[in-house]
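Chain by chain, the residues:
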Amino acid sequence: MTKSTESRLRVIDSHTGGEPTRLIVAGGPVLAGSFHEQVTAFKTQHDRLRVALCTEPRASDICVGGLLLPPTEATLAAGILFFNNVGYLGMCGHGTIGLVTTLAWLGRLSPGVHRIETPVGIVTAELHPHGPVSVTNVASYRYAYRVQVHMPGHGLVTGDIAWGGNWFFICEDHHQMLHIDHIDRLVGFSTDLHQALIASGITGAHGAAIDHIELLGPADVGFDAKNFVLCPGKVYDRSACGTGTSARLACLVADGRWVEGQRYRVQSIIGSVLEGTVELINGEVIPTLTGQAWVTADSTVILDPDDPYCFGLK
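This structure is a prediction, so every number in the text was calculated from the model and none was measured.

Definitions and cut-offs
Starting afresh in each chain, residues are numbered from 1 along the sequence in its written order. Side-chain atom pairs in this predicted model are given and counted only at pLDDT of 80 or more, local residue features only at pLDDT of at least 70, and totals for whole chains, interfaces and linings cover all residues. Only hydrogens and water are removed before side-chain values are computed, so all heavy atoms of the structure are retained for them. We place a 1 Å grid over just the protein atoms. Points where a 1.4 Å probe fits but has no way out form a cavity, open points with protein on both sides within 12 Å along at least 5 of 7 lines form a pocket, and any residue with an atom within 4 Å of a point lines it. Grid points are joined across faces, edges and corners, and a volume is the space filled by probe spheres set on the points. For this scheme, ten residues count as nonpolar: Ala, Val, Leu, Ile, Met, Phe, Trp, Tyr, Cys and Pro. Four count as charged, namely Asp, Glu, Lys and Arg, and the remainder, Gly too, count as polar. Residue exposure (1.4 Å probe, protein chains only): buried if accessible area is under 20% of the type maximum, exposed if over 50%, otherwise partly exposed. A helix here means a DSSP run of H or I that spans at least four residues, while a strand means a run of E at least two residues long, and both kinds are numbered starting from the N terminus. Strand pairing is assigned whenever DSSP identifies at least 2 bridges connecting the two strands. The salt bridge definition used is simple: a Lys or Arg side-chain nitrogen within 4 Å of an Asp or Glu carboxyl oxygen.

1. Looking at the layout of surface pockets
- There is about 250 Å³ of room inside the largest pocket.
- Surrounding the largest pocket, Val51, Thr55, Glu56, Asp61, Asn85, Val86, Gly233, Gly312, Leu313 and Lys314 form its lining.
- Class assignment of the residues belonging to the lining of the largest pocket gives a composition of three nonpolar, four polar and three charged.

Structure representation (structure tokens):
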């Protein structure tokens with residue numbers, strides 16, 4: 001093998017509340033056209049890079065990857081396409097916090113407000129002077145209230161279907177203990193719930209797949225809730241989930257239980273914290289999420305065509 005036969009990617013790893021993000025910052029495919037044309041080209045022509053970066057042998061299934069895309073207009077700081085072990089994400093709250101932190105670490109962003117293009121719309125992110133990042137997400141809303149689904153072995157479960165940049169089934173009557181010691185049980189229950197939604201034909205708007213399950217439970221003193229979020233690929237979110245928190249805030253507003261400017265503090269299953277507020281603009285719920293990420297690695301990924309597992313184990 002010679003160096004000319006292998007390709008290399010520069011990636012920056014970070015974590016937000018314990019949830020990792022791996023961002024391609026150099027060496028990725030050259031894509032042309034509009035933002036959405038570039039996204040489509042990556043998905044259809046370069047999907048094996050997603051597999052290479054977010055699955056074994058280079059990563060565990062928990063890893064969320066991101067392809068940094070150049071801004072398509074002067075008012076934008078960047079574009080981003082997030083992906084994981086099984087596919088692509090419309091939006092990723094913890095990943096956007098990681099993106100902004102990474103760009104600041106690279107010297108490409110300064111404290112202030114920056115506009116970022118995502119597949120579901122443009123979001124804004126404010127980098128605060130001492131490291132935290134506040135992401136103002138896309139408009140979020142509750143699509144369906146108190147939807148009932150029968151789970152074999154568990155009985156009837158009720159939850160709301162809501163959009164926060166991804167589709168969520170948000171459930172409080174799950175009768176599960178939200179504690180790190182019960183992770184296997186929580187993953188199993190949430191996987192069964194996800195399968196029951198599919199079997200029952202329950203979807204988001206326009207038949208969109210509900211690919212995230214959010215279980216809510218009581219929190220420690222000083223917090224408003226604790227959550228457990230099962231993401232696509234049967235992995236749980238170590239952070240308190242930015243898009244899930246956005247969806248939850250939309251439900252609280254719809255119930256008349258939350259108002260503009262009121263701070264929502266939610267704990268993840270590992271105890272990390274995300275804060276959220278909402279603003280009502282023209283009748284839409286616009287959530288803002290605040291958290292902090294830390295850069296953990298600056299690495300070169302080597303793609304060797306002679307490696308039988310270069311692009312994953314499957």
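After that view of the structure, there is still more to cover.
2. Quick look at the pairing of strand S11 (residues 167-171)
- Most of S11 is tucked away: five of the five residues are buried.
- Residues Trp167, Phe169 and Cys171 line one face of S11 and the alternating positions Phe168 and Ile170 line the opposite face, and both faces are buried.
- Note that strand S10 (residues 155-163) and S11 share five bridges and pair antiparallel. Looking at the pairing, Ala162 lines up with Phe168 of S11.

3. Considerations on empty space enclosed by the protein
- Scanning the model with the defined rule gives one cavity of 30 Å³ or more in all.
- Within this model, the largest cavity holds a volume of roughly 160 Å³.
- Residue lining of the largest cavity: 21 residues in total, with Val64, Leu89, Cys92, Cys231 and Asp237 positioned closest to the centre.

4. Notes on the pattern of salt bridges
- Applying the stated criterion to the full structure yields 11 salt bridges.
- Two residues, Arg142 and Asp160, come together in a salt bridge whose shortest N-O distance is 3.1 Å. Residue Arg142 is located in strand S9 (residues 141-151), and its partner Asp160 is located in strand S10; the two are separated by 18 residues in the primary sequence.
- Counted as one network, the salt bridges with shared partners bring together Arg142, Asp160, Asp255 and Arg257.

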